[in-house]
Amino acid sequence: MKRALLVIDVQNDCFSDKLRVTHPQGSLENILAAMDGAAGAGIPVIAVQHSNPPGAGAFAKGGAGWQLHPEIAGRAHDLLIEKNLPGSFTGTVLESWLRERGIDTLVITGYMTQMCCDTTSRQAVHLGFSVEFLSDATGTLAISNTAGSVTAEELHRSILVTQAMRFAKVLPTAKWLESLAKQ
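Just so you know, these numbers come straight off a predicted model, no measurement behind them.

Visitor: Give me unusual backbone geometry: which residues, what numbers.
Guide: What you tend to see is this: most non-glycine residues have negative phi, and most peptide bonds are trans. Pro24 follows His23 through a cis peptide bond whose omega is -5°. With respect to the helices, strands and loops of the structure, Pro24 is situated in the loop between strand S1 (3-8) and helix H1 (27-40). Here Tyr111 and Met112 are connected by a cis peptide whose omega angle stands at -15°. Locating Met112 in the fold gives a position in the loop between strand S4 (105-111) and helix H4 (113-126). Phi at Asp9 takes a positive value of approximately 55°, unusual for a residue other than glycine. Secondary-structure assignment places Asp9 in the loop between S1 and H1. Judged by relative accessible area, Asp9 falls into the buried class, the value being 2%.

Visitor: Run through the nonpolar core, naming residues and quoting values.
Guide: It is characteristic of soluble globular proteins that their nonpolar side chains tend to be buried jointly. Judged by nonpolar contacts, the single largest core of 27 residues is most densely connected at Leu5, Val7, Ile31, Met35, Ile72, Tyr111 and Trp176. Of all the secondary-structure elements, those providing two or more residues to this core are S1, H1, strand S2 (45-50), S4, strand S5 (130-139) and helix H6 (173-181). For this core, the element with the most residues is H1, which contributes six residues. Counting residues in hydrophobic clusters, the runner-up holds 23 residues, among them Leu79, Trp97, Leu106 and Leu160.

Visitor: Break down the pairing of S4 for me, citing the residues and quoting the values.
Guide: Regular strands have side chains that alternate between both faces of the sheet. For S4, the buried fraction is high: seven of the seven residues fall into the buried class. Burial along S4 is two-sided: Thr105, Val107, Thr109 and Tyr111 and Leu106, Ile108 and Gly110, pointing in opposite directions, are all buried. Alignment of S4 against S5, held across six bridges, turns out to be parallel. Directly across from Ile108, in S5, lies its bridge partner Phe133. Crossover handedness for the path S4 to H4 to S5: right-handed.

Visitor: Just give me the short version of the side chain of Gln114, but keep the residues and values in it.
Guide: As for its placement among the helices and strands, Gln114 is situated in helix H4. Reaching out from Gln114, the side chain makes a polar contact with the side chain of Thr140 at a distance of 2.5 Å. Sequence-distant contacts of Gln114, defined by excluding residues within four places in its chain, comprise Thr140, Ile143, Leu155 and Ile159.

Calculation criteria
Residues numbered from 1 in each chain as written. Predicted model: local features only at pLDDT ≥ 70, side-chain atom pairs only at ≥ 80, totals over all residues. Heavy atoms only, no water. Helix = DSSP H or I, 4+ residues; strand = E, 2+ residues; numbered from the N terminus. Buried < 20%, exposed > 50% of the residue type's maximum accessible area, 1.4 Å probe, protein only. Core = buried A, V, L, I, M, F, W, Y, C linked by side-chain atoms within 4.5 Å. Pairing = 2+ DSSP bridges. Right-handed = clockwise from strand over helix to strand, strands pointing away. Polar contact = N/O pair within 3.5 Å; in protein donor to acceptor, adjacent residues only side chain to side chain. Contact = heavy atoms within 4.5 Å.

Take a look at the structure:
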C-alpha cells in the first residue's frame, strides 16, 4: 500500500459565516495531525483548493475566503491542486500525479464531508484506488434547502456510513496514525 493524503478545501470560507464547519468539533486539529503524521511517515500530502469565479459567494478566486487556512498553508505539501467542481480528479492532474508515483491509496481529509470529500472518494474508487476516509478529520455544517433540513451531525454520520458501505475504510485520525506507526 502506497498512500497519499488529500487535504480538501480547508479554506478560510469554512471558518466564516459563509460556510462555517461545525461538526465534528476538532476537525481542523485532526487534519493538522494527519498532515504532520503523513509528513513524518513520508506520505505525500496534496492540498486541494476549490475556486469559484470572482464575485461568487464562497471560494471566490483571489478573495480572502478562497485562501487556504493559514495552518494548512503553513505546512508542507507536495502538490497544490486547484479545482472548480466537487471532485478533486475532475479537470486536474491528480490522477496522473498519483499514478506516476505508484500511489494506490488515498486518505481523505477536509471539507465538506458530503460534497467534495464524498465525491473525491467515489471518484477514486471508480478509478481503482483504495480509500481511507478520516471520520474526525472531515467536517460539515447544517444544511437547509428546498429538499429539507439536516443537522451537521446527521449529514456527517450519513456520509460516513455510506462511505463505509462500499467506498472507503472509515476510521478516526488517531487509529490511522497508529497504523502508520506499525508499518
